[in-house]
Amino acid sequence: MKNIENNIKNLKKKIQKILKINFSYSKIIKIIAASKNQSTEKIQTAISYGIYEFGENYVKEGVEKIKKLKKYKNIIWHFIGKLQSKKTKLVAQHFDWCQTIDREKIAFLLNKNRKNTQLRMNVLMQINISQETNKNGVDIKNYKSLAQFINQMPNLNFRGIMAMPKKHRTKYYDYENIKNIFYTLKDKYDSVDTLSLGTSFDLKESIINESNMIRIGKKIFNN
Ligand SMILES: *Cc1c(COP(=O)(O)O)cnc(C)c1O
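Computed from a predicted model, the values in this text were never measured in an experiment.

**Q** Quick one: what's the story with the overall build of the protein, residue by residue and with numbers?
**A** Looking only at helices and strands, the protein has 9 helices and 8 strands in total. Over its C-alpha trace the protein gives a radius of gyration of 17 Å, about what one expects of a compact globule, namely 17 Å for 223 residues. The principal-axis extents of the C-alpha atoms in the protein amount to approximately 45 × 40 × 35 Å. The buried share among the 223 residues of the protein stands at 54%. Long-range pairs, those at least 24 residues apart, make up 61% of the contacts in the protein between residues at least 6 apart in sequence. Carbon together with sulfur atoms contributes 50% to the accessible area of the protein, which is approximately 11500 Å² in total. Of the side-chain charges in the protein, 43 are positive and 19 negative, and the distance between the mean point of each set is 4 Å.

Set out below in structure tokens:
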């Protein structure tokens, strides 16, 4: 598990370096460890080195881990996978955040299944920034109406957007585009403060394009 310790140290160093070169002020970047397929032992190791937010892609696997790790009271769980409507209830009951709302039905069901005794669920709308038919997320032309819908849900707290820019292409275009959408939504909705962009492969491009939440799998858990 030594590699997890070193990976986390290196990741934090790298983020600090990117911030130092590109910004004159200090900005906080939230690290979400993408822990799909990782054991609870590995997650516990990451916790012991200061990671306390985790992102899971599969509902059943995620809920099992959340239950197993209940004793860690301050862990924040994000759902970051493709969400089917029949699984929304489990996500609403067990996760703190859902980053992958791509249509009204999902927002409606998460809202419906979030209990009044729970805190509001933090949610992001996933935008299909590269406009690929096989990628997840709401189409760019529909993002404004979906935002409006999410914002009306009393048990959801609309925090911003999530996107996965395409790997091979003129990257610049996608990042500029998503940054502008983020600013547009921030202007309109007081609760919007989160741009979840960036994985192990595009840390720098995301951070210089205003991402303040990154989802890192391989660069935390791999050897
Ligand atoms: C797996 C995953 C990540 C992390 O990707 P890595 O390349 O392992 O850093 C980020 N976001 C989502 C939605 C993922 O499924």
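**Q** So, the packing of aromatic side chains: which residues are in play, and what are the values?
**A** Where two aromatic rings form a pair, the distance of their centres and the angle of their planes describe that pair. All chains considered together, the criterion is met by 4 aromatic pairs. Measuring from centroid to centroid gives 5.7 Å for phenylalanine 54 and tryptophan 77, while their planes differ by 35 degrees, and the two rings are tilted. Taken as a pair, phenylalanine 54 in strand β2 (residues 53-56) and tryptophan 77 in strand β3 (residues 76-79) lie far apart in primary sequence, 23 residues in all. Judged by centre distance (5.5 Å) and plane angle (80 degrees), the ring pair of phenylalanine 79 and phenylalanine 95 falls under edge-to-face. Of this pair, phenylalanine 79 sits in strand β3 while phenylalanine 95 sits in the loop between α4 (88-94) and β4 (97-101), placing them 16 residues apart in sequence. Under the relative-accessibility criterion, phenylalanine 95 is labelled buried at 1%.

**Q** Give me unusual backbone geometry: which residues, what numbers.
**A** Its identity as a non-glycine residue notwithstanding, asparagine 37 has a phi of 65 degrees, on the positive side. By the element assignment, asparagine 37 lies in the loop between β1 (30-34) and α2 (40-48). In this structure asparagine 37 comes out as exposed when scored by relative accessible area, which is 60%.

**Q** Summarise the pairing of strand β8 (residues 213-216); cite the residues concerned and give the values.
**A** Burial along β8 is two-sided: Met213 and Arg215 and Ile214 and Ile216, pointing in opposite directions, are all buried. Relative to β8, β1 runs parallel, the two sharing 4 bridges. Considered in β8, the bridge of isoleucine 32 is made with arginine 215.

**Q** Could you give an account of the site of the ligand, with specific residues and numbers?
**A** Around the ligand, the structure places Ala34, Lys36, Asn57, Ile80, Met164, Thr199, Ser200, Phe201, Arg215, Ile216, Gly217 and Lys218. One of the side-chain nitrogen or oxygen atoms of asparagine 57 is found 2.7 Å away from an oxygen atom of the ligand. Summarising the interface, the protein chains cover 88% of the accessible area of the ligand, which totals 390 Å² for the free molecule. Of the residues contributing to the shell around the ligand, the split by class is 5 nonpolar, 4 polar and 3 charged.

**Q** Got a sec to walk through a positive patch on the surface? Specific residues and values, please.
**A** Together, Lys14, Lys17, Lys204 and Lys219 make up a region of like positive charge exposed at the surface. Mapped onto the elements of the fold, lysine 14 is located in helix α1 (residues 2-22). Taking the relative accessible area as the measure of exposure, lysine 14 reaches 38% and is therefore partly exposed.

**Q** Go over the environment of lysine 105 with me, naming the residues and quoting the values.
**A** Mapped onto the elements, lysine 105 comes out in helix α5 (residues 104-113). Along the primary structure lysine 105 and lysine 17 are separated by 88 residues, whereas in three dimensions their C-alpha atoms are 41 Å apart.

**Q** Just give me the short version of α2, but keep the residues and values in it.
**A** Within α2, burial applies to Thr40, Ile43, Thr45, Ala46 and Ile47. Looking at the buried residues of α2, the elements they touch are α1, β2, α3 (59-68), β3 and α9 (218-221). Within two residues after α2, glycine 50 carries a phi angle of roughly 90 degrees, on the positive side.

**Q** Lay out α3 in plain terms, naming residues and giving numbers.
**A** Those residues of α3 that fall on the buried side of the exposure criterion are Val59, Glu61, Gly62, Val63, Lys65 and Ile66. Where α3 is buried, its residues touch α2, β2, β3 and α4.

**Q** Could you give an account of the packing of α5 against helix α6 (residues 143-151), with specific residues and numbers?
**A** Packing of α5 against α6 brings their axes to within 10 Å, and their N-to-C directions diverge by 10 degrees. Here α5 is positioned roughly parallel relative to α6, judged by the angle of their axes. On α6, the residues touching Glu104, Ala107 and Phe108 of α5 are Ser145, Leu146, Phe149 and Ile150. Class assignment for the residues of the contact of α5 with α6 results in 5 nonpolar, 1 polar and 1 charged.

What counts and what doesn't
- Residues numbered from 1 in each chain as written.
- Predicted model: local features only at pLDDT ≥ 70, side-chain atom pairs only at ≥ 80, totals over all residues.
- Heavy atoms only, no water.
- Helix = DSSP H or I, 4+ residues; strand = E, 2+ residues; numbered from the N terminus.
- Rg over C-alpha atoms; globule rule 2.2 N^0.38 Å.
- Buried < 20%, exposed > 50% of the residue type's maximum accessible area, 1.4 Å probe, protein only.
- Contact = heavy atoms within 4.5 Å.
- Areas by Shrake-Rupley, 256 points an atom, 1.4 Å probe, with all protein chains shown as cover.
- Lys, Arg positive; Asp, Glu negative; His and termini not counted.
- Charge placed at Lys NZ, Arg CZ, Asp CG, Glu CD.
- Phe/Tyr/Trp six-rings, centres within 6.5 Å; stacked < 30°, edge-to-face > 60°.
- Pairing = 2+ DSSP bridges.
- Near = heavy atom within 4 Å.
- Polar contact = N/O pair within 3.5 Å; in protein donor to acceptor, adjacent residues only side chain to side chain.
- Nonpolar A, V, L, I, M, F, W, Y, C, P; charged D, E, K, R; others polar.
- Patch = residues over 30% accessible without salt bridge, like charges linked within 9 Å, V, L, I, M, F, W, Y side chains within 5 Å.
- Salt bridge = Lys/Arg side-chain N within 4 Å of Asp/Glu carboxyl O.
- Axes fitted to C-alpha atoms, helices over the stretch in contact; angles between N-to-C directions.
- Parallel < 35°, antiparallel > 145°, perpendicular 65-115°, else oblique.

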